[in-house]
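Given next are the chains, with one letter for each unit.
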Amino acid sequence: MFSYVPPIDDYRFLLTRVLCFEQAMAEMGKDVDADLALAVLEEAGKMCAERLHPLNRHGDEEGSRLVSGAVQTPAGFADAWRDFAAAGWASLAADPAYGGQGLPFLLQLWLDEMLSAANLSFGLFPGLTRGACEAIMAHANDTLKATYLPPMVSGEWTGAMALTESGAGTDLALLKTRAVPQDDGSHAVTGQKIFISSGDHDFGGNIIHLVLARLPDAPAGVKGISLFLVPKYLPDADGGFTLRNAMSVGALEKKMGIHAQPTCVMNYDGAIGWLVGEPNKGLAAMFTMMNAERLMVGIQGLGIAGAAYGQAASYAKERLQGRSADGTRGPVAIIEHADVRRMLLNIRAFVEAGRALGGWTALQLDRAHHHPDPVERAKADALVALLTPVVKAAFTDFGFESAVQAQQVFGGHGYIREWGMEQYVRDARIAQIYEGTNGVQAMDLVGRKLPMAGGAVVEGFFDMIAEELAVAGDGAVARKVAEALALLRDVTARLAGAGTEATGAAAVDYLRLFALVSMGWMWARMSAAASMEDDPLHQSKRAVAAFFVARMLPQATSLAATIAAGEASIMALDADAF
């Protein structure tokens, strides 16, 4: 197995040449320059490469186990978590009011990329804890915030989200878990949840579950769901958290991938919990956590794709097989073969554009929280809402495709465990499913996000891209992205007001088209920035940009044609005929 190499040079290029990082920080009054940001990222990269990546294959092979009702994570994980927390990585972008460092979310997002590349199973622990913190911070009362946020922010305690039930997945209206009010203001929560990542572990400290449940008098459907904070350990008379709550792990799910991550069946048997937010408003509170998690999950796809590319490119430069194109030399390194180069460039063109688009989205999230102008905050928040389903779904679709292509570069060796590629394929697959399947994300984009503010948000986004492309001049990259943007505008206009079947038939293809144009916009930015110098990094940026618009962006034409075909051929076959 090859070592993981963090993409620090690419982060430097994006911070200093593409994303206007220092200007953005100045607008928000943050005293963070590119040098500081890079120093943080370099240390994070060392931790991921030297501490977490060596645990990845072992964690996959050993897996988490349930022993006498308690979860045991693979050897080394508990110690790695304690080191991770002690070094301050759990608190990187968290609110300083609760012990966080308050650094830009952009750094958190790229830390998530490196965590996912080095060890996806491990990376879920801090990601879920951070999402739980955000929901508590946004919706809980001051007592719950003061009690639970500081140890969660520090990494002493961790968090989990308990949403799914065996009969209630995407359709939460079917949720059955109950919460009965108690005389002291708490609630007794009873029910079973499945697919609960990080539901239990052996790291020490408390585990804070955010559980969706119904109050006794709750209305039917999603309007009757409330959110409860249910800790593994309850406070004792001395203020310590030593009393075991009435919750247990019924089983660990046997999964295709992320074997080291304990995905639990959780039983709540009158477990004591406290209401987070208003009664019957739990879905809105939970979506605070889910939206944060959806960005993180998208970055998981990006991280795995980047790690798989690094290993596949290294292998392709070493593996000797076949003869040169002119037949005069052999065996040659397979990097000389056009099809191998095609696969590697497909991956790289996604990874570098995805890294830039993810970084741009993270800066918008920072603006939404910290910009002094409320109008700018609202504008940035709307852009994050628009792009969240795109990042989640497109990055995980491209991420899985990238893992498969990287495995293909290895040929038969890619199917063998010792090279690590088959683990990337297995681990990447879940990211297309959890935190809302990618089909659901596509429906969210078309059905909820495009109509925001009467369509003004998406039109404003398109206008911004068009203005940048116009400034870029007559360059081939900018010109071809502008042509694809025109297609996207036309498709968007035709989908406005379409019926449920029409939008359902178009949604997945539309999201991919939207993502390709958005990544093309990033490649136009990067190509323009790379035209300033002629060193190997800038040369490679220009070359990969040219590949993207020549070989990947043309998918926009076929996607537009597919969407224009409508729903008739999809809905024509009788259900009984399937």
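As shown above, the structure is provided for reference.
Residues numbered from 1 in each chain as written. Predicted model: local features only at pLDDT ≥ 70, side-chain atom pairs only at ≥ 80, totals over all residues. Heavy atoms only, no water.

Engineer: Provide a residue-level description of the overall build of the chain, including the pertinent values.
Structural biologist: Each helix and strand in the chain was counted, giving 18 helices and 11 strands. Its C-alpha radius of gyration of 24 Å places the chain within 12% of the 25 Å reference for a compact globule of 578 residues. By sequence separation, contacts in the chain at least 24 residues apart represent 73% of the contacts at least 6 residues apart. Taken as a whole, the chain presents about 22900 Å² of accessible surface, with 54% of it coming from carbon and sulfur. Distance between charge centres in the chain, computed from 47 positive and 65 negative side chains, equals 4 Å. (Helix = DSSP H or I, 4+ residues; strand = E, 2+ residues; numbered from the N terminus. Rg over C-alpha atoms; globule rule 2.2 N^0.38 Å. Contact = heavy atoms within 4.5 Å. Areas by Shrake-Rupley, 256 points an atom, 1.4 Å probe, with all protein chains shown as cover. Lys, Arg positive; Asp, Glu negative; His and termini not counted. Charge placed at Lys NZ, Arg CZ, Asp CG, Glu CD.)

Engineer: Account for the packing of aromatic side chains, naming residues and giving values.
Structural biologist: Under the criterion given, the structure shown has 26 aromatic pairs. Ring centres of F461 and F514 lie 5.7 Å apart, and the angle between their planes is 5 degrees; on these two criteria the pair is classed as stacked. Taken together, the positions of F461 in helix α13 (residues 456-471) and F514 in helix α15 (residues 500-530) put the pair 53 residues apart, joining distant regions of the chain. Taken together, a centroid distance of 6.1 Å and an interplanar angle of 55 degrees make the contact between Y510 and F514 tilted. (Phe/Tyr/Trp six-rings, centres within 6.5 Å; stacked < 30°, edge-to-face > 60°.)

Engineer: Any chance you could break down a negative patch on the surface for me, citing the residues and the numbers?
Structural biologist: On the surface, E22, D31, D33 and D35 cluster together to form a negatively charged patch. Considering the arrangement of structural elements, one finds D33 in the loop between α2 (21-27) and α3 (34-52). (Patch = residues over 30% accessible without salt bridge, like charges linked within 9 Å, V, L, I, M, F, W, Y side chains within 5 Å. Salt bridge = Lys/Arg side-chain N within 4 Å of Asp/Glu carboxyl O.)

Engineer: Residues and numbers for the environment of A565, please.
Structural biologist: As for its position among the elements, A565 is in the loop between α17 (555-564) and α18 (568-571). Sequence separation of A565 and A505 is 60 residues, and the distance between their C-alpha atoms is 9.4 Å.

Engineer: Could you give me a rundown of the packing of helix α14 (residues 476-495) against α15, with the residues and numbers involved?
Structural biologist: It is the contact of α14 with α15, at a shortest axis distance of 9 Å, that shows an interaxial angle of 155 degrees. Relative to α15, α14 is oriented roughly antiparallel. The way α14 lies across α15 gives a crossing that is left-handed. Contact residues: α14 offers V477, A478, V481, A484, L485, L488, V491, T492 and L495, while α15 offers T503, A506, Y510, L513, F514, V517, G520, W521, W523, A524 and S527. Grouping the constituent residues of the contact of α14 with α15 by class yields 16 nonpolar, 4 polar and no charged. (Axes fitted to C-alpha atoms, helices over the stretch in contact; angles between N-to-C directions. Parallel < 35°, antiparallel > 145°, perpendicular 65-115°, else oblique. Left-handed = near helix turned anticlockwise from the far one by under 90°. Nonpolar A, V, L, I, M, F, W, Y, C, P; charged D, E, K, R; others polar.)

Engineer: Could you give an account of the side chain of S527, with specific residues and numbers?
Structural biologist: Counting through the fold element by element, S527 comes out in helix α15. Residue classification places S527 among the buried residues on the basis of a relative accessible area of 16%. Aside from chain neighbours lying at most four places away, what touches S527 is V477, R542 and A545. (Buried < 20%, exposed > 50% of the residue type's maximum accessible area, 1.4 Å probe, protein only.)

Engineer: Just give me the short version of the pairing of strand β3 (residues 158-162), but keep the residues and values in it.
Structural biologist: The buried count for β3 comes to 5 of 5 residues, which makes it a mostly enclosed element. The side-chain alternation of β3 yields two buried faces, one formed by T158, A160 and A162 and the other by G159 and M161. Note that β3 and strand β6 (residues 207-213) share 5 bridges and pair parallel. Bridging from a neighbouring strand, A160 pairs with H209 of β6. (Pairing = 2+ DSSP bridges.)

Engineer: Break down the nonpolar core for me, with residues and values.
Structural biologist: A general tendency of soluble globular proteins is for nonpolar side chains to be buried together. Ranked by internal contacts, the top residues of the largest apolar core, which has 147 residues, are F461, Y510 and F514. Y148, L175, A285 and M286 belong to the second largest nonpolar core, which has 30 residues in total. (Core = buried A, V, L, I, M, F, W, Y, C linked by side-chain atoms within 4.5 Å.)

Engineer: Tell me about unusual backbone geometry, residues and numbers included.
Structural biologist: Between G330 and P331 the backbone carries a cis peptide bond, its omega angle lying at -5 degrees. Here P331 shows up in the loop between α8 (282-318) and α9 (338-370). In the Ramachandran plot, S198 falls in the positive-phi region, its phi being about 60 degrees despite a non-glycine side chain. The topology assignment puts S198 in the loop between β5 (187-197) and β6. Within the chain, E435 stands out as a residue other than glycine whose phi angle is a positive 60 degrees. In this structure E435 comes out as buried when scored by relative accessible area, which is 13%.

Engineer: Could you give an account of the state of the cysteines, naming the residues involved and the relevant values?
Structural biologist: The full count for this structure, using the stated rule, is 0 disulfides. With no disulfide partner, C48 has as its closest neighbouring cysteine sulfur the one in C133, 19 Å distant. In this structure C133 is not part of a disulfide, and its nearest cysteine sulfur, from C264, lies 19 Å away. Looking at C133, the relative accessible area reads 6%, which means it is buried. (Disulfide = S-S within 2.5 Å.)

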